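The residues making up each chain are set out below.
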Amino acid sequence: MSSATTRELFDRYVIPTYGRFDLRLTRGEGTYVWDEDDKRYLDFGAGIAVTSIGHCHPRVVATMREQIGTLVHVSNLYYNRPQGILAERLVRYVGAPGKVFFCNSGAEANEGLYKLARKFGNDGLTPAGTHTVGEVVEACQYRRTIVTMLQSFHGRTLAGISATGQEKVKHGFEPLVEGFVHVPYNDGPALLAAVQDPGVVAVLLEPIQGERGIYPADAKFLQLARDLCDRHGLLLLFDEVQCGLGRTGDWCGWKSINPDVMPDAISWAKGIGGGFPLGAIWVGNRPVRLKTGKTIPLCDLLGPGSHGTTFGGTPLVSTGANEVLSVIEEEGMLANAKAMGSYARQALEALASPLIAEVRGIGLLIGIQLSDDFAKRANVPEGKYPSLFLVERLHEAGLLTVPSGASAVRWLPPLNVKRAEIDEAVEITRRVLASF
Ligand SMILES: *Cc1c(COP(=O)(O)O)cnc(C)c1O
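**Re the sheet that holds strand β8 (residues 200-205)**
- Here we have seven strands laid out as an open sheet, ordered β4-β13-β12-β11-β8-β6-β7, and mixed in their pairing. Where the open sheet ends on each side, the last strands, each with one partner, are β4 (98-103) and β7 (180-183). For this sheet the average axis-to-axis angle between neighbouring strands, irrespective of direction, equals 20 degrees.
- Relative to β8, strand β6 (residues 145-149) runs parallel, the two being bridged by three bridges. Looking across to β8, one finds that T145 is bridged to V200.
- Of the strands in this sheet, β4, β12 (265-268) and β13 (279-284) touch helix α4 (residues 81-94), which is tilted by about 125 degrees from β4.
- Of the strands in this sheet, β6, β8 and β11 (235-239) touch helix α10 (residues 219-232), which is tilted by about 145 degrees from β11.

Written out as structure tokens, the structure reads:
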């Protein structure tokens, strides 16, 4: 065993890619975690929307203990039943025919979406019936551009930062992956203009933008994106890595905004496995006419040899995800997320703090926008983000939250959070704000 402190180990041996908070956590139970000094924290960050049913749920602990002693990994050279069952479950949650591919993270799930779009642009003519053949054959010579949104976040791989509409993640990593253009979020005319380019093959968006203060899409914007994709023969891709699989109180985050829209493909990660590293994409079955003349469902476009990963959907992680998602279903956590989400938003608004400008979000994806004069009122040190400053004061007071951009703080409690825990978090927040 090392005699160094945890901080010393990190300072010496861990590549410093993160601006970490000075918390050294050791164990968790339900909505609480404890640090090395056994101080208890109410966890309203949930590992950034990951531990969706809280820490160490007894059903998941028991199921994983059993699976770990049965079969952990076999690779995707073979079949394993838990992965098949999980795929069936996810297709059921989407509520439309399609198929699922498993990977390990949100960034990697989005890579699947980019590759699907590239393949669609290179091999496909267009979904049957939207263009005349002449138009399409011409456009398909160079259909490869994906339209994404400004202020978006799609992960840290090279294509992920290229897709992301924020300069700060790209800086120093040029040249970026080509084939992405960005338009302002919720800006119908800008999207309309962007898709006129015949080189465009897909539109990718987060139904709720998670990394700049929690901004939901407008219902009308989602519908427009669907209509434009239909009219131009494009794929509509939703990044539900943060907002999907129950966070909003629906399995499909966008259905909390507009249940009439159906994307062509979806990416998931974060909450899908309750803490086990897992990502996935769902792809729908709309027909794609290939240049070869054949017509196949979109979900079969990524055929054998075209995409893969060693770990994706292991028996262990798939079993864990199946149990986590069963618990959400059987313990009524979608309804709880909706009810507790409105309760929390109302309670935060009722604080009527001059330091809070707005409370945004859907279900348990909540953004607390700080007032423009927060830095002045709270005496935030020069150059420090107000969101980071507040998150640190909340840590000291025993509440874990996550910054979202420079001036908003996120609440992402587990989907089974209790009313009393929200009351406790609101009280801590009230006390900290009152101390400024
Ligand atoms: C977190 C996140 C990602 C990246 O997921 P990783 O698992 O960190 O790679 C992508 N998109 C959205 C919307 C996210 O919130």
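**So, the site of the ligand**
- Taken together, S105, G106, A107, N110, F153, H154, G155, E206, D239, V241, Q242 and K270 form the complete shell of residues around the ligand.
- At a separation of 2.7 Å, an oxygen atom of the ligand approaches a polar side-chain atom of K270.
- Here the ligand loses 81% of its free accessible area of 380 Å² to cover by the protein chains.
- In terms of residue count, the dominant contributor to the shell around the ligand is helix α5 (residues 106-123) (three residues).

**Points about the packing of helix α14 (residues 386-396) against helix α15 (residues 419-434)**
- Their axes nearest at 10 Å, the elements α14 and α15 cross at an angle of 115 degrees. Crossing hand, α14 versus α15: right-handed. For the pair α14 and α15, the contacting residues are L390, R393 and L394 in the first and I428, T429, V432 and L433 in the second.
- Looking at the contact of α14 with α15, its residues break down into five nonpolar, one polar and one charged.

**Overview of the domain arrangement of the protein**
- Split into domains, the protein comes out as domain 1 (6-53 + 333-435) and domain 2 (66-329).
- Domain 1 and domain 2 are separated by 29 Å when their C-alpha centres are compared.
- A per-residue breakdown of the area domain 1 buries against domain 2 is headed by L334, I362 and L365, which together make up 29% of the total.
- Here D250 ties to K338 by a salt bridge, and the two come within 3.3 Å at their closest N and O atoms.
- Counting across the domain 1 and domain 2 interface gives 17 residue pairs in polar contact (both at pLDDT 80 or more).
- Where the side of domain 1 that touches domain 2 is concerned, the elements lending two or more residues are α2 (46-49), α12 (333-350), β16 (356-362), β17 (365-370) and β20 (408-411).
- Taken together, the residues of the side of domain 1 that touches domain 2 sort by class into 16 nonpolar, eight polar and three charged.

**Brief notes about the side chain of E206**
- Following the sequence through the fold, E206 ends up in the loop between β8 and β9 (208-209).
- Among the polar contacts listed, one links the side chain of E206 to the backbone nitrogen of G210, at a separation of 3.2 Å.
- In this view, E206 contacts S152, F153, H154, Y185 and D239; residues no more than four positions away in its chain are not counted.

**Side note on unusual backbone geometry**
- Residue P175 follows E174 across a cis peptide bond; omega there is 0 degrees.
- Look at N379: it is not a glycine, yet its phi comes out positive at around 60 degrees.
- Relative to the helices and strands, N379 resides in the loop between α13 (374-377) and α14.

**Thoughts on the state of the cysteines**
- Across all of its chains, the model carries zero disulfides by this definition.
- Sulfur of C103: no disulfide; nearest cysteine sulfur belongs to C243 and is 16 Å away.
- A residue is classified by how much of its surface remains accessible, and C103, at 1% relative accessible area, is buried.
- Here C299 is not disulfide-linked; the sulfur of C252 is the nearest cysteine sulfur, at 16 Å.
- With relative accessibility at 15%, the residue C299 sits in the buried group.

**Looking at the sheet that holds β20**
- Sheet architecture is open: four strands sit in the order β16-β17-β20-β19, paired in antiparallel fashion. In this open sheet, the two edge strands, each paired with only one partner strand, are β16 and β19 (402-403).
- With two bridges joining them, β19 and β20 adopt antiparallel strand pairing. From the neighbouring strand, V402 faces β20, where its bridge partner is R410.

**Regarding the nonpolar core**
- Formed by 95 residues in total, the largest nonpolar core has its most connected members in L90, L191, V203, W268, I328, F374 and W411.
- Each of domain 1 (6-53 + 333-435) and domain 2 (66-329) gives at least three residues to this core.
- What F374 contacts, discounting residues up to four positions off in sequence, is L355, N379, V380, P386, F389, L390, L433 and F436.
- Counting residues in each nonpolar core, the second largest holds 25 residues, with L113, I146, F180 and L301 among its members.

**Let's talk about a nonpolar patch on the surface**
- Taken together, the side chains of F10, Y13 and V14 make up a nonpolar region of the molecular surface, amounting to roughly 300 Å² of accessible area.
- Within the fold, F10 resides in helix α1 (residues 6-13).

**Let's talk about the pattern of salt bridges**
- A complete count under the given rule lists 23 salt bridges for this structure.
- Across the pair E323 and R59 runs a salt bridge, and its minimum N-O distance is 2.9 Å. Residue E323 is found in helix α11 (residues 315-330), and its partner R59 is found in helix α3 (residues 58-68); the two are separated by 264 residues along the sequence.
- The exposure class of E323 is buried, given its relative accessible area of 14%.
- On the basis of relative accessibility, which here comes to 28%, the residue R59 falls in the partly exposed class.
- Ionic contacts of the salt-bridge type, sharing partners, join the residues R7, D11, D22, R24 and E36 into one network.

About the thresholds
- Residues numbered from 1 in each chain as written.
- Predicted model: local features only at pLDDT ≥ 70, side-chain atom pairs only at ≥ 80, totals over all residues.
- Heavy atoms only, no water.
- Pairing = 2+ DSSP bridges.
- Helix = DSSP H or I, 4+ residues; strand = E, 2+ residues; numbered from the N terminus.
- Axes fitted to C-alpha atoms, helices over the stretch in contact; angles between N-to-C directions.
- Contact = heavy atoms within 4.5 Å.
- Near = heavy atom within 4 Å.
- Polar contact = N/O pair within 3.5 Å; in protein donor to acceptor, adjacent residues only side chain to side chain.
- Areas by Shrake-Rupley, 256 points an atom, 1.4 Å probe, with all protein chains shown as cover.
- Left-handed = near helix turned anticlockwise from the far one by under 90°.
- Nonpolar A, V, L, I, M, F, W, Y, C, P; charged D, E, K, R; others polar.
- Domains from an automatic or database assignment.
- Buried area = accessible area lost by both parts, 1.4 Å probe.
- Salt bridge = Lys/Arg side-chain N within 4 Å of Asp/Glu carboxyl O.
- Disulfide = S-S within 2.5 Å.
- Buried < 20%, exposed > 50% of the residue type's maximum accessible area, 1.4 Å probe, protein only.
- Core = buried A, V, L, I, M, F, W, Y, C linked by side-chain atoms within 4.5 Å.
- Patch = residues over 30% accessible without salt bridge, like charges linked within 9 Å, V, L, I, M, F, W, Y side chains within 5 Å.

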